[in-house]
Amino acid sequence: MYFPPGKVILTLVVMVAVAAGYIGVQRAQFAATPPPDLHFLVFSRAHYERYRAVLPEFEAEEGVRVHMTLLNWNSLRNRLQAIRIAGLPMPDLVEFERSQFGALVRGPLDLVPFEPLNERLEATGLIDQFAPGRLELWTRAGRHFGVPKDVHPVMLAYRRDILAELGIDPAELTTWERFVAVAREKIVADLTGNGIIDRYAIDMSLTGNPELTQILIAQRGIDLFDARGRPLMHNADLADLIVWYHEQTTGANRISFPAGWGQNLAQALTSDLVVFIMVPDWRTRQIEMDMPGMAGKFGLMALPAWEEGGGRTSTFGGTGMFISRQSENPEMAWRLAEFLALDETLLESSFRRTNIIPPFAGAWDLPVFDQVNAFWQEPLGRRFIEVAGDVPVIHPSPFYGLALDRIANVLARLRRHARHLDAEARFDFVMEELGVIQSDIEQLIERDRFLSEEERL
Amino acid sequence: MNLLHVALLLLLAILMGLVLAGRATAAANLARRSVLIIVSCLILSPFVWLVFATFKDPSVLNEYVFLPPFAEWSAETINLSNLRTLLAPQETVHGTYSFFLYIFNSVFLATAQTLLQVTFCSMAGFAFAVYSFRGRQALFLLVLGSMMIPPILLLAPVYRMVVNFGWMDTYFALLVPGAVGAYGIFLYRQAMMRVPKELFDAARIDGASELRIWYEIALPLVRPITGAFCLVVFLNAWNSFIAPNVFLQSTYKMPLPVILQHFVGQYENQYGVFLAGTFLAILPPACLFFYLQREFILGLTSGGVKE
């Protein structure tokens, strides 16, 4: 057969025809689907699957049809920002992660694409039921834009068998000072005598992975921004923490190994290279899935405090639900948000699937949280609930991610210059660097012409 | 650094030394081949890792970097569990789908995108190469200039257009904005400029229309370029991630890269299933490449010799 454009094009034409035929036949079953009453965007497969199980109940009760779309969280951010910039209607209900909040609620307050929920939260009494600090995560200039979905308290997971073998009682590791001393004395070791350290105490990123450093920053009671969004980075506590972090991650006395994520982390934990790891509730589930062979070998303890009697937990991550300001049916969107946030069956199944505890103190009495988890061999929910009330407050900012990245840069610069600096000079060096960051971010904020009066510097 | 590291580095240094010496001896040949084998192993190792991960049971996925020791091979450690999970009918709010639907969605989008680009880029390239008209140079510079705009900058305006045209959640949103590209126009223009104009004139004298000249004279003469261009466009469209995520809403319309990302997320990761899906996703373009490799390579090497 003569086909002038050639064999490649002919092959592609055949492929497109076959694919179109298959897709056409498969899709015929969805042709008559009526348009939805509510459009709901989610980014977590775990959430999607649980919601899918209970949505028919809501749809039947309310007589509506809900169209739920699952997107990867990066894609969700891209789509929401495109919608925002193009000035187009948001889906009625959206779930997104806390790192995206600051950027999505920038600009004039009355143009924020989400409805402030203050009145609804007050009317239903929900406003007093959240764990401390969770509403602040989704608040700008006093407007609560999101319904918190979680608390994500952080604890330390440790290799129970290794600590027992070394005669270390985790209950004695009450402060980071004590932790570091025990780590240097008993845990960090060259077991084969070849000059290479075979066992480190804790997983800490060498480059100051912002996700992990922010756990320690928040636990130390350092808020990078205040409630009005003003930066608080030129801060002696933060400088002290950065110098401490540097000492634990660099040089001959370091106690940490950068184990990373996924298979690298699993290898580090299963091969006894790392003994402790900081885990929010959701990460315990990842450990269960990634290292099923380690069941029974991990224990959980509260984070060591920065000083005796200090806070023993932090927070890592967070999801909120938001109602679009342009929703044609905001009442129904609110009812759906309420249903998904408060339905006890859903809260229980959510915990079973993700190990995530809910943010409502009223729900913490559900029996599911007292059940012993087969992998951890302890009542995982109760352990996290015990510290959930102490989760530090973090105020959001569009510049939060930038601030953490810049702090990681300070850590890198300190690593480069540290050999020429004594302890005091290192602190001064970091303070100076933090001053620069503070000033840079203040300038960026000053350029924002749409800040309300109360948010001005 | 242990003894094995030192030995390997020493071996590598000796082999490199022999290669650099460039002596056409048997030893140098052996050295060259050894280096090539080592480098090939390094390059192929991620792919091998992917294949092994596909067939490892999730319970041992992270326990062994590659495969478990031979003594531990059993149906419990090496099996098709990841593929089974992946290919099992998936329940969504719209109904239950087979994973093959996503594969065919990707095949459709990638091939349709490629065909559209070849059609319109070759037409535009033909016009720029063959016709003389006022403003040709300026227009061509404008086309080339458009390559300097980062695609992500166009996301918001294109999104607005797509919404205004009513194309949200349809394949038009992906196919129409990507139907023509400056790179393709440039490639075809350069290729068609090398075709003797006398051929087109002869066709005109024989009564051929301009469309027929493009289809029956110009396109066959630039086939090698078409092969290479198809490869580039097909792979780009096959791996496209952001646009489908932004413009499509119904799960059953999503292509493979988007669906695969659902298996790794914020709260839980099914790495085994994700890697099995990645393995399957590699197969169609790989098969296409092997089937058409002569045409593709001809395109990639055309112009390599100075005339």
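Residues numbered from 1 in each chain as written. Chains lettered and ligands numbered in written order. Predicted model: local features only at pLDDT ≥ 70, side-chain atom pairs only at ≥ 80, totals over all residues.

1. Re the overall build of chain A
For step 1, the next point in the chain: Scanning chain A for helices and strands turns up 16 helices and 12 strands.
For step 2, the next point in the chain: Over its C-alpha trace chain A gives a radius of gyration of 25 Å, about what one expects of a compact globule, namely 23 Å for 457 residues.
For step 3, the next point in the chain: Dimensions of chain A, computed from C-alpha atoms along their principal axes, come out at roughly 70 × 60 × 60 Å.
For step 4, the next point in the chain: Counting every position in chain A, which comprises 457 residues, the buried fraction comes to 44%.
For step 5, the next point in the chain: Expressed as a percentage of contacts within chain A between residues at least 6 apart in sequence, the contacts between residues at least 24 apart total 75%. (Helix = DSSP H or I, 4+ residues; strand = E, 2+ residues; numbered from the N terminus. Rg over C-alpha atoms; globule rule 2.2 N^0.38 Å. Buried ≥ 20, exposed ≤ 12 C-beta atoms within 10 Å, placed from the backbone. Contact = placed C-beta atoms within 7 Å.)

2. Some words on the interface of chain A and chain B
For step 1, the next point in the chain: Between chain A and chain B, the residue contacts involve 58 residues of the former and 47 residues of the latter.
For step 2, the next point in the chain: With 14 residues, helix 1 (residues 7-27) of chain A is the single largest residue contributor to the side of chain A that touches chain B.
For step 3, the next point in the chain: Of the residues assigned to the side of chain A that touches chain B, the class counts are 30 nonpolar, 20 polar and eight charged. (Nonpolar A, V, L, I, M, F, W, Y, C, P; charged D, E, K, R; others polar.)

3. Remarks on the sheet that holds strand 6 (residues 146-148) of chain A
Residues and elements named next belong to chain A.
For step 1, the next point in the chain: The strand order across the open sheet formed by five strands is 2-1-3-12-6, and the pairing between neighbours is mixed. Each having just a single partner strand, strand 2 (66-70) and strand 6 make up the two edges of the open sheet. Averaged over all pairs of adjacent strands, the angle between their axes in this sheet comes to 20°, without regard to strand direction.
For step 2, the next point in the chain: Bridging between strand 1 (residues 38-42) and strand 2 involves five bridges; their strand directions are parallel. Bridge pairing in strand 2 links F40 to M68.
For step 3, the next point in the chain: Strands strand 1, strand 2 and strand 3 (93-97) of the sheet are contacted by helix 2 (residues 45-62), whose axis makes an angle of about 175° with strand 2.
For step 4, the next point in the chain: Sheet strands in contact with helix 12 (residues 330-342) are strand 1, strand 2, strand 3, strand 6 and strand 12 (319-323), and its direction is about 160° off that of strand 12. (Pairing = 2+ DSSP bridges. Axes fitted to C-alpha atoms, helices over the stretch in contact; angles between N-to-C directions.)

4. Topic: the domain arrangement of chain A
All names here are of chain A.
For step 1, the next point in the chain: When the domains of chain A are assigned, the result is domain 1 (38-148 + 316-388) and domain 2 (154-311 + 394-455).
For step 2, the next point in the chain: Using only C-alpha atoms to locate each centre, domain 1 and domain 2 end up separated by 28 Å.
For step 3, the next point in the chain: At the junction of the two partners, domain 1 supplies 29 residues and domain 2 supplies 27 residues.
For step 4, the next point in the chain: Mapped onto the side of domain 1 that touches domain 2, the elements with two or more residues apiece are helix 4 (101-104) and helix 14 (380-388).
For step 5, the next point in the chain: Counting residues per element, the side of domain 1 that touches domain 2 draws most heavily on helix 14, which supplies four residues.
For step 6, the next point in the chain: Here the side of domain 1 that touches domain 2 is built from residues that sort into 15 nonpolar, eight polar and six charged. (Domains from an automatic or database assignment.)

5. A few points about the environment of G221 of chain A
Residue and element names in this part refer to chain A.
For step 1, the next point in the chain: Its place among the elements puts G221 in the loop between helix 8 (210-219) and helix 9 (236-249).
For step 2, the next point in the chain: The class for G221 is partly exposed, based on 14 C-beta atoms found within 10 Å.
For step 3, the next point in the chain: It is 38 Å that separates the C-alpha atoms of G221 and A86, two residues lying 135 residues apart in sequence.
For step 4, the next point in the chain: Excluding residues within four positions of it along the chain, G221 makes contact with G311 and P392.

6. Looking at the packing of helix 2 of chain A against helix 13 (residues 344-354) of chain A
Residues and elements named next belong to chain A.
For step 1, the next point in the chain: Two elements in contact, helix 2 and helix 13, have axes separated by 10 Å at closest approach and are oriented at 150°. Once helix 2 is placed against helix 13, the crossing between them reads as right-handed. Contacts between helix 2 and helix 13 involve A46, R50 and V54 on the former and, on the latter, T345, L346, S349, S350, R353 and T354.
For step 2, the next point in the chain: Tallied by class, residues from the contact of helix 2 with helix 13 come to three nonpolar, four polar and two charged. (Left-handed = near helix turned anticlockwise from the far one by under 90°.)

7. Side note on the nonpolar core
For step 1, the next point in the chain: Counting residues in hydrophobic clusters, the biggest one holds 192 residues, and the most contacted among them are L93, A201, I242, L336 and A337 of chain A together with Y188 of chain B.
For step 2, the next point in the chain: Considering every element that reaches this core, the biggest residue donor is helix 4 (residues 99-130) of chain B, with 16 residues. (Core = buried A, V, L, I, M, F, W, Y, C linked by C-beta atoms within 7 Å.)

8. Notes on the sheet that holds strand 9 (residues 256-257) of chain A
Residue and element names in this part refer to chain A.
For step 1, the next point in the chain: The mixed open sheet is built from five strands, whose spatial order is 9-8-10-7-11. A strand with exactly one partner marks an edge of an open sheet, and here the two such strands are strand 9 and strand 11 (298-302).
For step 2, the next point in the chain: Where strand 7 (residues 154-159) meets strand 11, five bridges bridge the pair, whose relative direction is antiparallel. Among the inter-strand pairings, M155 is bridged to a residue of strand 11, identified as A302.
For step 3, the next point in the chain: Where helix 10 (residues 262-270) meets the sheet, it contacts strand 8 (200-203), strand 9 and strand 10 (274-280), and its direction lies at approximately 135° from that of strand 10.
For step 4, the next point in the chain: Contacts from helix 11 (residues 281-290) reach strand 7, strand 10 and strand 11, with the element oriented near 130° to strand 10.

9. Points about the packing of helix 1 of chain A against helix 11 (residues 223-238) of chain B
How two helices sit against one another is set out by the angle between their axes and by the gap between those axes.
For step 1, the next point in the chain: Between helix 1 of chain A and helix 11 of chain B, the least distance of the axes is 9 Å, while the angle of their chain directions is 40°. Comparing their axes, helix 11 of chain B and helix 1 of chain A come out oblique. Contact with helix 1 of chain A, carried on its side by V8, I9 and L12 of chain A, involves T226, G227 and C230 of chain B of helix 11 of chain B and no other residues of that element.
For step 2, the next point in the chain: Looking at the contact of helix 1 of chain A with helix 11 of chain B, its residues break down into four nonpolar, two polar and no charged. (Parallel < 35°, antiparallel > 145°, perpendicular 65-115°, else oblique.)

10. Quick notes on helix 8 of chain A
All names here are of chain A.
For step 1, the next point in the chain: The element helix 8 is extensively covered by neighbouring structure, given that eight of its 10 residues are classed as buried.
For step 2, the next point in the chain: Within helix 8, burial applies to L212, T213, Q214, I215, L216, I217, A218 and Q219.
For step 3, the next point in the chain: Looking at the buried side of helix 8, the elements it contacts are strand 7, helix 9, strand 10 and helix 15 (400-417).

11. Notes on the domain arrangement of chain B
Residues and elements named next belong to chain B.
For step 1, the next point in the chain: Segmentation of chain B into domains returns domain 1 (3-79) and domain 2 (93-301).
For step 2, the next point in the chain: For domain 1 versus domain 2, the separation of C-alpha centres amounts to 36 Å.
For step 3, the next point in the chain: Across the contact, seven residues belong to domain 1 and six residues belong to domain 2.
For step 4, the next point in the chain: Tallied by class, residues from the side of domain 1 that touches domain 2 come to five nonpolar, one polar and one charged.

12. Focus on helix 7 (residues 176-187) of chain A
Residues and elements named next belong to chain A.
For step 1, the next point in the chain: Given a rise of 1.5 Å per residue, 12 residues ought to cover 16 Å, yet the end C-alpha atoms of helix 7 are separated by just 14 Å, more than 12% below that figure.
For step 2, the next point in the chain: Of the positions making up helix 7, those classed as buried are W176, F179, V180, V182, A183 and I187. An end-on view of helix 7 places all buried positions within 165° of arc, on one side of the element. (Expected span 1.5 Å × (residues − 1). Arc of directions from axis to C-beta.)

13. So, unusual backbone geometry
Residue and element names in this part refer to chain A.
For step 1, the next point in the chain: Although it is not a glycine, A141 adopts a positive phi angle of roughly 50°.
For step 2, the next point in the chain: Inspection of the secondary structure puts A141 in the loop between strand 4 (139-140) and strand 5 (143-144).
For step 3, the next point in the chain: In this model, Q377 sits at a positive phi of 55°, which is unusual for a non-glycine residue.
For step 4, the next point in the chain: You can see Q377 is positioned in the loop between helix 13 and helix 14.
For step 5, the next point in the chain: According to the C-beta neighbour criterion, Q377 is partly exposed, with 14 such atoms within 10 Å.

14. Points about the environment of Q113 of chain B
Residue and element names in this part refer to chain B.
For step 1, the next point in the chain: Relative to the helices and strands, Q113 resides in helix 4.
For step 2, the next point in the chain: Linking Q113 and L174, residues 61 residues apart in sequence, is a C-alpha distance of 8.3 Å.
For step 3, the next point in the chain: Dropping the residues within four chain positions of it, Q113 is found in contact with L175, G178, V233 and A237.

15. Examining the confidence of the model for chain B
Residue and element names in this part refer to chain B.
For step 1, the next point in the chain: When pLDDT is averaged along chain B, the result is 87; 92% of the residues meet or exceed 70.
For step 2, the next point in the chain: Confidence, expressed as mean pLDDT per element, reaches its minimum in chain B at strand 1 (residues 90-92) with 71 and its maximum at helix 4 with 95.
For step 3, the next point in the chain: Scoring of the predicted complex yields 0.80 for pTM and 0.82 for ipTM. (pLDDT = per-residue confidence, 0-100.)

16. Here's the deal with the pairing of strand 7 of chain A
Residue and element names in this part refer to chain A.
For step 1, the next point in the chain: Of all six residues making up strand 7, six are buried, and the element is well covered by its neighbours.
For step 2, the next point in the chain: In strand 7, alternate side chains face the same way, and those of V154, L156 and Y158 on one face and M155, A157 and R159 on the other are all buried.
For step 3, the next point in the chain: Here strand 7 runs beside strand 10; their pairing, made up of five bridges, is antiparallel. Bridged to A157 within strand 10 is I277.

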